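What the coordinates show
For reference, the chains in residue letters:
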Amino acid sequence: MQANLDWLNKNHATLVKDLADLVAVRSVSTDGEHQKEVEQSAELTREQMRHAGLQKTEILRCNGSNPYAYGEWLDAPGKPTVFLYAHHDVQPVHQADVDAGRWHSDPWKLTARDGRLFARGSADDKAAITAQLGAIASFLQTRGSLPVNVKMLVEGEEEVGSSNLMGFFQQYRDKIKSDVIVVCDTENIEVGLPSITYSLRGIVTLKVEVESATKPVHSGMAGGVLADAALALNVILAKLYWDNGPLPIPHYYDSVRPLTAKEKKTFRSLPGSEEKWREDLGILPGVRFATEKRGHPYDQTWRKPAVTIIAQEASSIKGASNQVLPRAQALVSCRIVPNQDPQQVFDQVRDYLGADPPWGVKVKIEPHGSFVKWWMTDPNGPAFEAARAAMKASFGRDAVAIGCGGSIGFVGPLADLLGGAPALLLGIEDPQSNAHAPDESLHEGDWRKLMASLSHLFENLGNLPAGKVK
Ligand code: BES
Ligand code: MN
């Protein structure tokens, strides 16, 4: 292992350069306007895979999906096969944020500042590509072999809900067969504290459209007579507000799996304080948390459903005139938790929002994008022990088991497809990473420790008796 760690240290500048090359490609998947760059980032990922020593590298696709980069190394007979997952697509950079100076350096140029590496995609999730390849290369470039078999898949449409995932699994069922899954796309709960994520929330998004008339009408003539669609939409959305109580949607919590007493206790023993959360989330003075009474931010973000209005349109302020608007729409994004059923959540929210519309306006509610399931596992057994030992060796601290309020569409369905294969979600982001936001960054020190952890992990998995990972 010392040879691996020496190799990682000696080649650190090259690994930073590899990451810089990746973030320079604007592989935004959310707007459909960067397809060329999404292709380029898949190709560059494939090139870096080949360079690290992976074999049979290729670009895979399924139906009209964005390109996946794939590479493997399968010369360790009798040893477990590790499936490495990451994504090469990123969230957009909004020009308004750039104009307002919210990015303190070029979002597409990896920039070192205060021990962190800034760029869109630096933490989410391009650093995972480099970290996984660094660990692979630390074996292949020193001893010429890996202690386990490796299949590495880097997706290009994670940020838009991985909608081709089931088709992909059908098409490549045999190719992706593996024993254990390793994902680096979640958080360490604080810098320097290695964290293994054992639950993810899912997502159900609804588009709510309100219509009251066939055309906008001068508000001098129609104001007070014609039902205002923008106001009606907001009356409908306001039904989701319930101060510091649970969401008022009937039966919404019936299938929510309660936290065990042990989980509650553990969550409260993890680092975090009101002051720090306020700072990390940028909450303004005087604004209260929206948590339920006696709720804890970790209970709330990891294991409770949440509903967020992620977009609303009626007309723009620029060019607005005195009209009663006949049409307004919003996207309502529901984070779902164990054991909520996505279709049932959709039905419940649709029925609740669609009932008794103000002034009898027409309300149309449809799914927006594909549903993403939640995922949860028991973080115990040989593979998890191998991960804990690997992280302890690199971070010098015991790993903690945490939840995640975000979603990664691939994890649950893949673990199911592989017959309940253990899925190890090792942290790469941290509370200061600003994923999806301006000034996204990666903690360079933790990134190095993650690479060392992955090297240890491969070694530990290779040493499991009879290759049994569970
Ligand atoms: N890396 C995130 C998941 C994540 C979120 C980890 C928060 C840690 C904290 C991932 O890339 C992501 O953003 N996923 C999307 C998926 C969605 C489009 C289905 C999400 O959670 O919004
Ligand atoms: Mn991600």
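Conventions adopted
- Residues numbered from 1 in each chain as written.
- Chains lettered and ligands numbered in written order.
- Predicted model: local features only at pLDDT ≥ 70, side-chain atom pairs only at ≥ 80, totals over all residues.
- Heavy atoms only, no water.
- Buried < 20%, exposed > 50% of the residue type's maximum accessible area, 1.4 Å probe, protein only.
- Helix = DSSP H or I, 4+ residues; strand = E, 2+ residues; numbered from the N terminus.
- Pairing = 2+ DSSP bridges.
- Axes fitted to C-alpha atoms, helices over the stretch in contact; angles between N-to-C directions.
- Contact = heavy atoms within 4.5 Å.
- Donors = N, O, S within 2.8 Å, 3.2 Å for Na, K, Ca; no water.
- Tetrahedral: all angles 85-135°; square planar, octahedral: opposite > 155°, others 65-115°.
- Near = heavy atom within 4 Å.
- Polar contact = N/O pair within 3.5 Å; in protein donor to acceptor, adjacent residues only side chain to side chain.
- Areas by Shrake-Rupley, 256 points an atom, 1.4 Å probe, with all protein chains shown as cover.
- Nonpolar A, V, L, I, M, F, W, Y, C, P; charged D, E, K, R; others polar.

**Points about the pairing of strand 7 (residues 180-187)**
- A large share of strand 7 lies buried, amounting to seven of its eight residues.
- Of the pairings in the sheet, the one linking strand 3 (residues 81-87) to strand 7 comprises four bridges and is parallel in character. The residue of strand 7 that forms the bridge with Leu84 is Val182.
- Across five bridges, the pairing between strand 7 and strand 17 (residues 423-429) is parallel. The partner of Glu187 across the bridge, within strand 17, is Glu429.

**Some thoughts on the sheet that holds strand 18 (residues 441-443)**
- Spatially, three strands are ordered 4-5-18 in an open sheet, and the strand pairing comes out antiparallel. The open sheet terminates on both sides in strands that have one partner only, identified here as strand 4 (111-113) and strand 18. Taken over all neighbouring pairs, the strand axes of this sheet differ in orientation by 30 degrees on average, direction set aside.
- As defined by bridge partners, strand 4 adjoins strand 5 (residues 116-118) across three bridges and the pair is classed as antiparallel. Following the sheet pairing, Ala112 is matched in strand 5 by Leu117.
- Running at roughly 55 degrees to strand 18, helix 5 (residues 122-140) makes contact with strand 5 and strand 18 of the sheet.

**Focus on the coordination of the manganese ion (ligand 2)**
- Within the protein, the atoms that donate to the manganese ion (ligand 2) are His87 (NE2), Asp124 (OD), Asp185 (OD) and Asp185 (OD), at distances of 1.9 to 2.6 Å.
- Geometry at the manganese ion (ligand 2) is irregular, judged from the six donor atoms that bind it and their angles of 54 to 164 degrees at the metal.
- Mapped onto the polypeptide sequence, the residues donating to the manganese ion (ligand 2) form the spacing pattern H-x36-D-x60-D. Of this pair, Asp124 sits in helix 5 while Asp185 sits in strand 7; the two residues are 61 residues apart in sequence, bridging distant segments of the chain.
- Judged by its relative accessible area of 7%, Asp185 is buried.

**Section: the site of ligand 1**
- Close to ligand 1 lie 15 residues; Glu158, Asp185, Arg335, Ser407 and His436 are nearest.
- Between Glu159 and ligand 1, the recorded distance is 3.1 Å, taken from a side-chain N or O atom to an oxygen atom.
- For ligand 1, an oxygen atom lies 2.8 Å from a polar atom in the side chain of His436.
- When ligand 1 sits alone it has 510 Å² of accessible area, and the protein chains cover 84% of it.
- Taken together, the residues of the shell around ligand 1 sort by class into three nonpolar, six polar and six charged.

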